[in-house]
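# Topology and contacts: notes
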Amino acid sequence: MVFDPSSLAFVDAGTPVPVRASTILPAVRENIELRTADGLTLVGELALPADGVVRATLITLHPLPTHGGFMDSHVYKKASYRLPALAGIAVLRFNTRGTSSPRGTSEGGFEEGIGERHDIAAAVQFAVERGLPNRWLLGWSFGTELVLKYGAADPVAQHVQGAVLLSPPLHRAVDADLETWASYGKPLTVLVPEFDDYLQPEAATARFSLVPQAKLVAVDGAKHLWVGEKYASRALNEIASTVLGAAVELPAEWSGPVAAQPA
């Protein structure tokens, strides 16, 4: 059965509650479908601030689907659960072609980051058509490859303000892609875990020197998958700070109704 976000039950404890890994804060949540230029239907979810005031929009690209990445990869779930309420940020999550989650399965099959260029374009076009403002790409691991390869070229480039990268491996994305981002000129924030499995801060600093506008943030103690509330929270703070244009420290407590993550 496809998960219906409207089925979430919110309860107000009457006192402030800690924001934990499974805490879901209020938002307007909608199951969505994206249609790609090559004829596939992709499934996803859009979470909007409950008060209707959208300060920024995140268009998320998930980690490698052949290694367990999907729209529910934990940092993205937490972004959807928290950022609309705590920061006024809309979060668009979706499964790239051939990827499954409780939301459902997107049509097609994994294409090694080639056909997926249509997926990123479809997500951005959806955000444009919905009138979502201040649009930013957010890539994690494999998702960073899609951002670097296709985010600085049309049809995507003209519709986004910049991008945030989590744990870029720089496997499929090569120096030519970095040089394209340099010429593009729009902001690029790069979050690199100290103990990343693929690209650690020292090497990342050298590689991203090709992009003068790139801001590289080395995160002490973090690993490629950002496991642990401490590191997920740090990532969300850095993401929110980038897209809102000012330093953000997301609250650790919430006063109001909350729901728990479905089993």
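The rules behind each value
- Residues numbered from 1 in each chain as written.
- Predicted model: local features only at pLDDT ≥ 70, side-chain atom pairs only at ≥ 80, totals over all residues.
- Heavy atoms only, no water.
- Buried < 20%, exposed > 50% of the residue type's maximum accessible area, 1.4 Å probe, protein only.
- Helix = DSSP H or I, 4+ residues; strand = E, 2+ residues; numbered from the N terminus.
- Pairing = 2+ DSSP bridges.
- Right-handed = clockwise from strand over helix to strand, strands pointing away.
- Core = buried A, V, L, I, M, F, W, Y, C linked by side-chain atoms within 4.5 Å.
- Contact = heavy atoms within 4.5 Å.
- Salt bridge = Lys/Arg side-chain N within 4 Å of Asp/Glu carboxyl O.
- Polar contact = N/O pair within 3.5 Å; in protein donor to acceptor, adjacent residues only side chain to side chain.
- Lys, Arg positive; Asp, Glu negative; His and termini not counted.
- Axes fitted to C-alpha atoms, helices over the stretch in contact; angles between N-to-C directions.

### Some thoughts on the pairing of strand 12 (residues 188-193)
Summarising burial for strand 12: six of the six residues are buried, a large majority. Of the two faces of strand 12, the one lined by Leu188, Val190 and Val192 and the one lined by Thr189, Leu191 and Pro193 are each fully buried. Taken together, the four bridges between strand 11 (residues 162-166) and strand 12 define a ladder with parallel strand orientation. Note that in strand 12 the partner of Val164 across the bridge is Thr189. Crossover handedness for the path strand 11 to helix 4 (residues 175-184) to strand 12: right-handed. Examined bridge by bridge, strand 12 and strand 13 (residues 214-219) share six bridges and lie parallel to one another. Within strand 13, the residue paired with Pro193 across the bridge is Val219. Regarding topology, helix 5 (residues 201-207) serves as the crossover connection from strand 12 to the parallel strand 13, and that connection is right-handed.

### Let's talk about helix 3 (residues 142-150)
The buried fraction of helix 3 is high, at eight of nine residues. Of all the positions in helix 3, only Phe142, Gly143, Thr144, Glu145, Leu146, Val147, Leu148 and Tyr150 are classed as buried.

### Focus on the nonpolar core
With 44 residues, the main nonpolar core has Leu34, Leu92, Leu137, Leu148, Trp181, Leu188 and Phe208 as its most contacted residues. Examining the composition of this core, we find that seven residues originate from one element, helix 2 (residues 117-129), more than from any other. What Phe208 contacts, discounting residues up to four positions off in sequence, is Leu148, Leu165, Pro168, Leu170, Leu178, Leu188, Val190, Leu199, Ala214 and Leu216. Ala56, Val75, Ala79 and Val217 belong to the second largest nonpolar core, which has 34 residues in total.

### Quick look at the sheet that holds strand 15 (residues 257-260)
An order of 1-15-3 is seen for the three strands of this open sheet, with the pairing classed as antiparallel. The sheet terminates laterally at strand 1 (11-12) and strand 3 (23-24), the two strands that pair on one side only. As judged from the two bridges shared by strand 1 and strand 15, these two strands associate in the antiparallel manner. Within strand 15, the residue paired with Asp12 across the bridge is Pro257.

### As for the pattern of salt bridges
Following the criterion strictly, the structure yields twelve salt bridges and no others. Two residues, Arg97 and Asp38, come together in a salt bridge whose shortest N-O distance is 2.8 Å. With Arg97 in the loop between strand 7 (89-94) and strand 8 (100-101) and Asp38 in the loop between strand 4 (28-35) and strand 5 (41-48), the pair connects residues that are 59 residues apart, well separated along the chain. Between Asp72 and Arg93 there is a salt bridge whose closest N-O contact spans 2.6 Å. Taken together, the positions of Asp72 in the loop between strand 6 (56-61) and helix 1 (74-87) and Arg93 in strand 7 put the pair 21 residues apart, joining distant regions of the chain. Here Asp72 matches Arg93 in class, with each residue buried. When salt bridges with common partners are traced through the structure, they connect Asp38, Arg97, Glu111 and Asp119 into a single cluster.

### Points about the side chain of Thr144
Mapping Thr144 onto the fold places it in helix 3. A residue is classified by how much of its surface remains accessible, and Thr144, at 0% relative accessible area, is buried. Here Ser141 takes part through its backbone oxygen, which lies 2.6 Å from a polar atom of the side chain of Thr144. Excluding anything up to four places from it in sequence, Thr144 contacts Gly139, Leu165, Leu166, Ser167, Pro168 and Pro169.

### Looking at the side chain of Glu116
Its place among the elements puts Glu116 in the loop between strand 9 (104-105) and helix 2. For the buried Glu116, which has no salt bridge, the nearest side chain bearing the opposite charge is Arg97, at an N-O separation of 5.1 Å. Excluding residues that lie within four positions of it along the chain, Glu116 makes contacts with Thr96, Arg97, Gly109, Phe110, Glu111, Phe142 and Leu146.

### A word on the sheet that holds strand 12
Spatial strand order, 4-5-7-6-10-11-12-13: eight strands in an open sheet with mixed pairing. Each edge of the sheet is formed by a strand with only one pairing partner; in this case those strands are strand 4 and strand 13. Averaged over all pairs of adjacent strands, the angle between strand axes in this sheet comes to 20°, irrespective of strand direction. Where helix 3 meets the sheet, it contacts strand 6, strand 10 (135-140), strand 11 and strand 12, and its direction lies at approximately 135° from that of strand 10. Along the sheet, helix 6 (residues 229-244) makes contact with strand 6, strand 7, strand 10, strand 11, strand 12 and strand 13, crossing strand 13 at roughly 160°.

The quantities given are spatial measurements derived from coordinates; they are silent on function.
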